[in-house]
Amino acid sequence: METNFNSESREIFIVGLRNAHAMENQALSIMKPQVERIENYPEVADRLRRHIQETEGQITRLESVLEGLGEEHSTLKDTALSMVGSVAAIGHSMAGDEIIKNSLANFAFENYEIAAYKSLLVLADAGGFQDAERALKQNLNEEEAMANWLKENLSDVTMRYARLREAGATAKS
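Bear in mind that the values here come from a model prediction, so they are computed numbers and not experimental data.

**Let's talk about the overall build of the chain**
Here's step 1: Counting its secondary structure elements, the chain contains 5 helices and 0 strands.
Here's step 2: When the helices and strands of the chain are placed in sequence order, the string is α-α-α-α-α.
Here's step 3: Expressed as a percentage of the 173 residues in the chain, the buried residues total 45%.
Here's step 4: Counting contacts in the chain only where the partners sit at least 6 residues apart, residues at least 24 apart contribute 80% of the total.
Here's step 5: Carbon and sulfur atoms make up 55% of the accessible area of the chain, which totals about 9,000 Å².

Below, the structure is given as structure tokens:
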């Protein structure tokens, strides 16, 4: 039901959904290379694998919401942001402290996603898009859980990195 939305407001919501879809594709292009490179942090690799699966589900939910509104995702935005994510992942892979850079970037990106979903939920609520609200809340909950996990584990990852470096290990991811 769209009774509270005029056509311009509806378009803002659709653009936001397309942006979220592209954002999740960007997240995949960031996380997948990280998982492939992680050697000394199995708990990080495991959590990233789980979040990759969640992210794939988030993309499916966003596609369902868009389809329910008679819309599609933007292939151009998806491709552009995926490329940006890949470049970021490559840049971090060359750093000696790759795991630290990835941990900080992942935490920041999760909070960006949280903000995006909170904004979309405001628009969904204002427009009466109950089906969208359900999907967006599920995506938000998964992003908040990942952000909390990253926050809770940053100290352990940082200390493990420092110990590995002190022991002369490469501390690769």
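**Quick word on the side chain of R47**
Here's step 1: Mapped onto the fold, R47 is located in helix α2 (residues 42–68).
Here's step 2: In this structure R47 comes out as buried when scored by relative accessible area, which is 5%.
Here's step 3: Dropping the residues within four chain positions of it, R47 is found in contact with E54, A145, M146 and W149.

**Description of empty space enclosed by the protein**
Here's step 1: Counted by the stated rule, this structure contains 3 cavities of 30 Å³ or more.
Here's step 2: When its volume is computed, the largest cavity comes out at roughly 60 Å³.
Here's step 3: For the largest cavity, the full set of lining residues is A27, I30, M31, L48, H51, N106, F109, E110 and M146.
Here's step 4: Residue assignment for the lining of the largest cavity shows that the elements contributing at least two residues are α1 (7–37), α2 and α4 (98–127).
Here's step 5: Residue composition of the lining of the largest cavity, grouped by class: 6 nonpolar, 2 polar and 1 charged.

**As for the packing of α1 against α2**
Here's step 1: In contact at an axis separation of 9 Å, α1 and α2 are set at 160° when each is read in the N-to-C sense. Classified by the angle between their axes, α1 and α2 sit roughly antiparallel to one another. For the element pair α1 and α2, the recorded crossing hand is left-handed.
Here's step 2: Of the residues assigned to the contact of α1 with α2, the class counts are 14 nonpolar, 6 polar and 6 charged.

**Focus: the packing of α2 against helix α5 (residues 130–166)**
Two packed helices can be described by the angle between their axes and the distance between those axes.
Here's step 1: Packing of α2 against α5 brings their axes to within 10 Å, and their N-to-C directions diverge by 165°. Between α2 and α5, the angle is such that the two are roughly antiparallel. In this structure, α2 crosses over α5, and the sense of that crossing is left-handed.
Here's step 2: Looking at the contact of α2 with α5, its residues break down into 12 nonpolar, 4 polar and 8 charged.

**Observations regarding α5**
Here's step 1: For α5, built from 37 residues, the straight-helix expectation of 54 Å at 1.5 Å per residue is met to within 8% by its first-to-last C-alpha distance of 53 Å.
Here's step 2: For α5, the principal kink sits at N153 and spans about 45°.

**Details of the packing of aromatic side chains**
Here's step 1: Applying the stated criterion to the full structure yields 2 aromatic pairs.
Here's step 2: Between F13 and F129, the ring centres sit 4.9 Å apart and the planes meet at 5°, which makes this aromatic pair stacked. Linking F13 in helix α1 with F129 in the loop between α4 and α5, this pair joins segments that are 116 residues apart in sequence.
Here's step 3: For F129, a relative accessible area of 5% translates into the label buried.

**A word on the nonpolar core**
Here's step 1: In terms of nonpolar packing, the biggest core is built from 40 residues, with F13, L17, V44, Y117 and L136 touching the most fellow members.
Here's step 2: Elements with a contribution of two residues or more to this core: α1, α2, α4 and α5.
Here's step 3: In contact with Y117, other than residues within four places in its own chain, are A20, M23, E24, Q58, L62, L136, N139, L140 and E143.

About the cut-offs
Residues numbered from 1 in each chain as written. Predicted model: local features only at pLDDT ≥ 70, side-chain atom pairs only at ≥ 80, totals over all residues. Heavy atoms only, no water. Helix = DSSP H or I, 4+ residues; strand = E, 2+ residues; numbered from the N terminus. Buried < 20%, exposed > 50% of the residue type's maximum accessible area, 1.4 Å probe, protein only. Contact = heavy atoms within 4.5 Å. Areas by Shrake-Rupley, 256 points an atom, 1.4 Å probe, with all protein chains shown as cover. 1 Å grid on protein atoms, 1.4 Å probe; cavity = no way out; pocket = protein on both sides within 12 Å on 5 of 7 lines; lining within 4 Å. Points joined across faces, edges and corners; volume = space filled by probe spheres on them. Nonpolar A, V, L, I, M, F, W, Y, C, P; charged D, E, K, R; others polar. Axes fitted to C-alpha atoms, helices over the stretch in contact; angles between N-to-C directions. Parallel < 35°, antiparallel > 145°, perpendicular 65-115°, else oblique. Left-handed = near helix turned anticlockwise from the far one by under 90°. Expected span 1.5 Å × (residues − 1). Bend = angle between axes of the 7 residues up to and from the residue. Phe/Tyr/Trp six-rings, centres within 6.5 Å; stacked < 30°, edge-to-face > 60°. Core = buried A, V, L, I, M, F, W, Y, C linked by side-chain atoms within 4.5 Å.

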